[in-house]
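Understanding the architecture of this molecule
Chain by chain, the residues run as shown.
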Amino acid sequence: GTALQSEGKQLMIDLPAVRSMVEENWYQLRLRELEELPVDYLVIMAYDYQYDHGAGEPVTPLDWLAEVVQFTANRVEDDSKIIIGLPSYGYSASLGTGRIRILTAEQATEHRLYTTAARDTESQELIAADGLEALVYQDATSIQAKIDVVGKNGISQVSIWHLGGNPWFE
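This write-up is about the structure you can find in this document. Every value quoted in this text rests on a predicted model; they were computed, and no experiment measured them. (Residues numbered from 1 in each chain as written. Predicted model: local features only at pLDDT ≥ 70, side-chain atom pairs only at ≥ 80, totals over all residues. Heavy atoms only, no water.)

Counted according to the given criterion, the structure contains three aromatic pairs. Between Tyr47 and Tyr89, the aromatic rings sit 6.1 Å apart at their centres with planes inclined by 85 degrees, giving edge-to-face as the arrangement. Linking Tyr47 in the loop between strand 2 (41-45) and helix 4 (49-53) with Tyr89 in the loop between strand 3 (82-87) and strand 4 (90-94), this pair joins segments that are 42 residues apart in sequence. Pair check on accessibility: Tyr47 and Tyr89 agree, each one buried. Taking 5.0 Å as the distance between ring centres and 25 degrees as the angle between the ring planes, the aromatic pair formed by Tyr114 and Tyr137 counts as stacked. Of the two residues, Tyr114 is situated in the loop between helix 6 (105-109) and strand 6 (118-119) and Tyr137 in strand 8 (residues 133-137); the sequence distance between them amounts to 23 residues. Judged by relative accessible area, which is 28%, Tyr114 ranks as partly exposed. (Phe/Tyr/Trp six-rings, centres within 6.5 Å; stacked < 30°, edge-to-face > 60°. Helix = DSSP H or I, 4+ residues; strand = E, 2+ residues; numbered from the N terminus. Buried < 20%, exposed > 50% of the residue type's maximum accessible area, 1.4 Å probe, protein only.)

Here it is as structure tokens:
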């Protein structure tokens, strides 16, 4: 960080989303330890919930997101260093398996379950399933709901993963 900063650059470290000290202890990196280093930004990747909880689950449930933001804000003294990474992608998956395929907005619109998706109240994402497969994707409503949760929990900076994944940012 010091070498980068001496060249007029900044150091940003991406970290997994955690909601508790128990979850934080799963990893070698700790938020408080990083804050003591010459790090300009800590980016919390508040997405990929489906990998830990199974196909058909949201990418970022709103209550989970709020807990992640609150935990992070409580562990990092300087809120201006915190950036919350939010999803703009979706996925399809075979239910009961770990086979999850990340999708862009265009790919989601071409999926056979696209027209049957309904708004999920826990995430504001659009979700469809037919017993064999699930489709989950973001739209402007779900992304705005996530931005609102981050702001209500005192953090003002977000990054969207990944730009180009949806047409709303072009």
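From this point, the narrative continues.
Before going further, it helps to examine a nonpolar patch on the surface. Together, Val22, Trp26 and Tyr27 make up an exposed nonpolar region whose accessible area comes to about 360 Å². Within the secondary structure layout, Tyr27 lies in the loop between helix 2 (21-24) and helix 3 (31-35). Given a relative accessible area of 34%, Tyr27 falls into the partly exposed group. (Patch = residues over 30% accessible without salt bridge, like charges linked within 9 Å, V, L, I, M, F, W, Y side chains within 5 Å. Areas by Shrake-Rupley, 256 points an atom, 1.4 Å probe, with all protein chains shown as cover. Salt bridge = Lys/Arg side-chain N within 4 Å of Asp/Glu carboxyl O.)

In this section: the environment of Leu126. Along the chain, Leu126 falls in strand 7 (residues 126-129). The spacing of Leu126 and Tyr91 is 35 residues in sequence and 11 Å in space, taken between C-alpha atoms. Among residues more than four places away in sequence, those in contact with Leu126 are Ala117, Ala118, Arg119, Leu135, Val136, Tyr137 and Asp139. (Contact = heavy atoms within 4.5 Å.)

Below, the discussion takes up the packing of helix 5 (residues 62-75) against helix 7 (residues 140-152). Between two packed helices, the angle of one axis relative to the other and the distance separating the axes together describe the packing. Here helix 5 crosses helix 7 at 30 degrees, and the two axes come no closer than 9 Å. Considering the relative orientation of helix 5 and helix 7, their crossing is right-handed. Contact residues: helix 5 offers Leu62, Leu65, Ala66 and Val69, while helix 7 offers Ala145, Lys146, Val149 and Val150. Tallied by class, the residues present in the contact of helix 5 with helix 7 amount to seven nonpolar, no polar and one charged. (Axes fitted to C-alpha atoms, helices over the stretch in contact; angles between N-to-C directions. Left-handed = near helix turned anticlockwise from the far one by under 90°. Nonpolar A, V, L, I, M, F, W, Y, C, P; charged D, E, K, R; others polar.)

The end-to-end C-alpha distance of helix 7 is 18 Å, a good match for the 18 Å that 13 residues give at a rise of 1.5 Å each. Among the residues making up helix 7, those that are buried are Ser142, Ile143, Ala145, Lys146, Val149 and Val150. What you see down the axis of helix 7 is that its buried residues fit within an arc of 160 degrees, all on one side. Elements in contact with the buried residues of helix 7: helix 5, strand 3, strand 6 and strand 9 (158-161). A side-chain oxygen of the first residue of helix 7 lies 3.1 Å from the backbone nitrogen of Thr141; this N-cap is Asp139. With its phi angle positive at about 90 degrees, Gly154 sits one or two positions after the end of helix 7. (Expected span 1.5 Å × (residues − 1). Arc of directions from axis to C-beta. Polar contact = N/O pair within 3.5 Å; in protein donor to acceptor, adjacent residues only side chain to side chain.)

This part takes up the sheet that holds strand 8. Strand order in the open sheet made by the five strands is 5-4-8-7-6, with antiparallel pairing throughout. Looking at strand neighbours, the two that pair on one side only are strand 5 (100-103) and strand 6, the edges of this open sheet. Alignment of strand 6 against strand 7, held across two bridges, turns out to be antiparallel. By the bridge assignment for strand 7, Arg119 is matched with Leu126. (Pairing = 2+ DSSP bridges.)

Shape descriptors only; they carry no functional weight alone.
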